[in-house]
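# Summary of the model geometry
Each chain, written out:
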Amino acid sequence: MRRSVLALAGLLALPAAAAAQDPIPGQLPPARFAVTPFVGIRVPYSAGNAYLFTPEGGQYVIDEERGGGPVVGLEAQARLRGPVSLLGSIAFSDAGSTDIALISPEDGTQIPLRADNPSTWMGKLAVAYRLPEPRPDNRRFRPAGYLVAGPALVRTDQHDDEGLGGDLSGASNHWGLNLGVHTATTLGSPRLALHFGIEDYLTFWDTDRLAEQEAAAYAIHFGEGTLVDFDYSSSNLVVLRAGLSFRFR
């Protein structure tokens, strides 16, 4: 008799337990796997100063303002355990141009220049942590928030032009750290979500490689023997993005 009562109590408790596991109405339900195509924009940035030395002994400070540009990419996310998931993404940005000023340290005169930005690939493999949900309220949409962190790789593809020489043409790889904040809200179906994010690719530049490329480019104007030296090693590439997530439970 006692066992029968316990079994009956267990059966009565099952619906309540199942209801407790259901997501709050309007809340984004968890998913085992999600794929998110996205578009966005890479914010313009200034990396820092570099120095140009001409064969005749002239010196200039290179001040660059690198333009932003559109971004398109794809991200995949797999839940590991609880609020923790693993995600990876790849994005492409064919940015516009860079405004350059060669500044003479002697008299402050400037030589304005403009150069095309290289095509940029950005990839990451990161861990995402889903923030605790807020208390229940009457909102129709309850966005889910994620904190993202992990290693990244930034690849710049210089324009292939035989006239510029082998030092300038070709690609260069730069390791970095991706830090981001993502948010997603359901679109009325557990399989679809609207996804927004802001990411910072803290990039550690291969300055030796970049110095060779820059020197080869400036040598067209100043002659063979032109040298470039960088006084920075890292900068922040900020990306604002929006996408549509396809979620699989």
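Attention in this report is confined to the structure presented alongside it. Because the structure is a prediction, the values reported are computed rather than measured. (Residues numbered from 1 in each chain as written. Predicted model: local features only at pLDDT ≥ 70, side-chain atom pairs only at ≥ 80, totals over all residues. Heavy atoms only, no water.)

## Let's talk about the overall build of the protein
How we decide: Here a strand is any run of E in DSSP of at least two residues, a helix any run of H or I of at least four, and the numbering for each starts at the N terminus. Buried, partly exposed and exposed residues are distinguished by accessible area as a fraction of the type maximum, computed with a 1.4 Å probe on protein chains only: under 20%, between the cut-offs, and over 50%, respectively. What makes two residues a contact is simply this: any of their non-hydrogen atoms within 4.5 Å. Surface accessibility follows the Shrake-Rupley procedure with a 1.4 Å probe radius. Residue values consider only the protein chains on display as shielding.
The helix and strand inventory of the protein stands at 2 helices and 13 strands. Within the span of the protein, comprising 249 residues, buried residues form 36% of the whole. For the protein, long-range pairs separated by at least 24 residues make up 71% of all intrachain contacts whose partners lie at least 6 apart in sequence. For the protein, the accessible surface area stands at approximately 14100 Å², while carbon and sulfur atoms represent 60% of it.

## Description of a nonpolar patch on the surface
In plain terms, the rule: Within this analysis, patches are made of residues with over 30% relative accessible area and no salt bridge. Like charges are joined at 9 Å or less; nonpolar side chains (Val, Leu, Ile, Met, Phe, Trp, Tyr) at 5 Å or less. What makes a salt bridge here is a side-chain nitrogen of Lys or Arg within 4 Å of a carboxyl oxygen of Asp or Glu, nothing more.
Side chains of Phe33, Leu187, Leu194, Phe196, Leu244, Phe246 and Phe248 sit close together on the surface and give an oily, nonpolar patch of about 570 Å² of accessible area. Looking at the nonpolar patch, the elements that each hand over two or more residues are strand E11 (192-204) and strand E13 (234-248). With 3 residues, E13 is the single largest residue contributor to the nonpolar patch. Looking at the element boundaries, Phe33 is found in strand E1 (residues 33-42).

## A few points about the packing of aromatic side chains
Keep this limit in mind: Here is the rule: rings of Phe, Tyr and Trp (six-membered ring for Trp) pair when centre to centre is within 6.5 Å. Planes less than 30 degrees apart are stacked, more than 60 are edge-to-face, and the remainder are tilted. We call a charge positioned over a ring when the NZ of a Lys or the CZ of an Arg lies within 6 Å of the ring centre and within 35 degrees of the ring normal.
Counted under the stated rule, the structure contains 4 aromatic pairs. Relative to Trp121, the ring of Phe92 has its centre 4.8 Å away and its plane inclined at 55°; by these criteria the two rings are tilted. Pair noted here: Phe92 is in strand E5 (residues 84-93) and Trp121 is in strand E8 (residues 119-130), with a separation of 29 residues, a long-range link. Exposure remark for Phe92: the relative accessible area of 25% places this residue in the partly exposed category. Sitting over the face of the ring of Trp205, Arg66 holds its NZ or CZ atom 5.7 Å from the ring centroid. The ring of Phe38 carries Arg241 above its face, with NZ or CZ at 4.0 Å from the centroid.

## Quick word on a positive patch on the surface
Selection rule: For this count, His and the chain ends are skipped, Lys and Arg are scored as positive, and Asp and Glu as negative. To locate a charge, take atom NZ for lysine, CZ for arginine, CG for aspartate or CD for glutamate.
The grouping of Arg32, Arg79, Arg191 and Arg249 at the surface amounts to a positive patch. Looking at the secondary structure, you find Arg32 in the loop between helix H1 (2-21) and E1.

## Focus on the environment of Tyr218
Locating Tyr218 in the fold gives a position in helix H2 (residues 207-222). Sequence separation of Tyr218 and Thr54 is 164 residues, and the distance between their C-alpha atoms is 8.8 Å. Not counting residues up to four positions away in its chain, the partners in contact with Tyr218 are Leu52, Ile62, Glu64, Ile100, Leu102, Leu113, Gly223, Thr226 and Val228.

## A few points about the pairing of strand E4 (residues 69-81)
Using the following cut-off: Being paired, for any two strands, means DSSP has found at least two bridges between them.
The pairing of E1 with E4 spans 10 bridges and is antiparallel. Along E4, the bridge assignment pairs Pro37 with Leu74. Of the strand pairs in this sheet, E4 and E5 are connected by 10 bridges, and their pairing is antiparallel. Within the sheet, the bridge partner assigned to Arg81 lies in E5 and is Val84.

## Considerations on the sheet that holds strand E2 (residues 50-53)
Spelled out, the test is: Lines fitted to the C-alpha atoms define the axes, with helices restricted to the stretch that makes contact. Angles between their N-to-C directions range from 0 to 180 degrees.
What the 5 strands build is an open sheet, ordered E7-E6-E3-E2-E12; its pairing is antiparallel. Across the chains shown, the open sheet's two edge strands, defined by having one partner strand only, are strand E7 (110-116) and strand E12 (227-230). Strand after strand, the sheet turns through a mean of 25° between neighbouring axes, direction not considered. The pairing of E2 with strand E3 (residues 59-66) spans 4 bridges and is classified as antiparallel. Bridging from a neighbouring strand, Leu52 pairs with Tyr60 of E3. Strands E2, E3, strand E6 (97-103), E7 and E12 of the sheet are contacted by H2, whose axis makes an angle of about 140° with E12.

## A short note on the nonpolar core
Defined as follows: To qualify as a nonpolar core, a set must consist of buried Ala, Val, Leu, Ile, Met, Phe, Trp, Tyr and Cys residues joined through side-chain atoms within 4.5 Å.
If you look at the biggest cluster of nonpolar residues, it comprises 25 residues, and the most contacted ones within it are Ile62 and Val228. Sorting the residues of this core by element identifies E2, E3, E6, strand E9 (144-158), H2, E12 and E13 as the ones contributing at least two each. Per element, the largest residue contribution to this core is 4 residues, and it comes from H2. In terms of nonpolar packing, the next biggest core, distinct from the first, is built from 5 residues, Leu28, Ala144, Tyr146 and Ala193 among them.

## Let's talk about the pairing of E12
The alternating pattern of E12 places Val228 and Phe230 on a buried face and Leu227 and Asp229 on a face that is not buried. Examined bridge by bridge, E2 and E12 share 4 bridges and lie antiparallel to one another. Bridge assignment links Tyr51 to a residue of E12, and that residue is Asp229.

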